[in-house]
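Spelled out, the chains give:
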Amino acid sequence: MDWRTVQSPQERYTALFPGKPDKLERRIPYLDQELLQTLEAVKIDDDIYSVSTIRLPANQSTSLSKLLSQLQANLIDRTKASGGDVTVEDAFYRTADRQRLPTKDYFLDLKVNGKSQQLMRVRWINRVGPTGDTWIYQISVLHTNAGNENAKTFLSAEEYENFFSDFSPE
C-alpha cells in the first residue's frame, strides 16, 4: 500500500489513506433542502476506504441529531435486514490539535442468503466549526468478498486501524 496523508482544508480534516483517493461531490436531499456531501475514497483490492463529509449550516444545527440518526440507521437497519450482525465498541479519535475525544466504532457483517458478503467498520464524528456550521464525518472501510471472518477482529488489523486512528478533524 502507498500510505499518504491527505489534507482536506475545505472539509476540515486530515486523513491517512492507503493510496490516492478519488474525490466526489453530490447533493443529498434533507428536510426540504439539499446538503453537499463530499466523499474521498480509494479502493485497494477487496477494500474501499472512505471519508464522507456533510456540512450542516449553523442555522440547521438543531437537526444534527436527526440527520446523524438517519445516517446511522440507514447502514445498521440494512445490515440487520440482511440477517447480519452489528457490534458497537467504544473508541477515541484525535482532533488536529491532538485533543482525544470519545466516539463509537460500528462493525457490520452484511449477509446475503445467510452468508457474509461484506464486512464494514464505520465511525461517525461531528464537530462544530468556527462559524457555527457542524461537520459530520463518516469514516469507513468496506471489505467485500467476506468469508467467515469476524468483522471486529478482521477490521481491527493494523492496516485498518491506521486509517481510523490517523483521521483528524479540525
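Just so you know, these numbers come straight off a predicted model, no measurement behind them.

Asks: It is not clear to me how the sheet that holds strand S3 (residues 22–30) should be interpreted in this structure. Could you clarify?
Replies: Whenever strands of a sheet pair, they do so through backbone hydrogen bonds, lying parallel or antiparallel. Sheet architecture is open: seven strands sit in the order S3-S4-S5-S9-S8-S7-S6, paired in antiparallel fashion. Only two strands of the sheet have a single partner each, and these edge strands are S3 and strand S6 (85–94). For this sheet, the mean angle separating the axes of adjacent strands, direction not counted, is 25°. Bridge count for strand S8 (residues 115–128) against strand S9 (residues 134–144) is eleven bridges, and the pairing is antiparallel.

Asks: What is the right way to look at the pattern of salt bridges in this model?
Replies: Pairs can form between side chains of opposite charge once their charged atoms are near each other. Across all of its chains, the model carries eight salt bridges by this definition. A salt bridge links arginine 12 to glutamate 170; the shortest N-O distance between them is 2.9 Å. Note that arginine 12 is positioned in the loop between strand S1 (4–8) and strand S2 (13–17) and glutamate 170 in the segment after strand S10 (168–169), a separation of 158 residues in sequence. We note a salt bridge from aspartate 133 to arginine 55, for which the minimum N-O separation is 2.8 Å. Residue aspartate 133 is located in the loop between S8 and S9, and its partner arginine 55 is located in strand S5 (residues 47–56); the two are separated by 78 residues in the primary sequence. Classification of aspartate 133 as buried rests on a relative accessible area of 13%.

Asks: Explain the pairing of S1 here, please?
Replies: The two faces of a sheet get side chains in turn, since along a regular strand they alternate between them. Sheet topology note: the S1/S2 ladder contains five bridges and is antiparallel. Paired with threonine 5 across the two strands is leucine 16, which belongs to S2. Where S1 hands over to S2, the hairpin turn is made up of four residues, of which arginine 12 adopts a positive phi near 65°.

How each quantity is defined
- Residues numbered from 1 in each chain as written.
- Predicted model: local features only at pLDDT ≥ 70, side-chain atom pairs only at ≥ 80, totals over all residues.
- Heavy atoms only, no water.
- Pairing = 2+ DSSP bridges.
- Helix = DSSP H or I, 4+ residues; strand = E, 2+ residues; numbered from the N terminus.
- Axes fitted to C-alpha atoms, helices over the stretch in contact; angles between N-to-C directions.
- Salt bridge = Lys/Arg side-chain N within 4 Å of Asp/Glu carboxyl O.
- Buried < 20%, exposed > 50% of the residue type's maximum accessible area, 1.4 Å probe, protein only.

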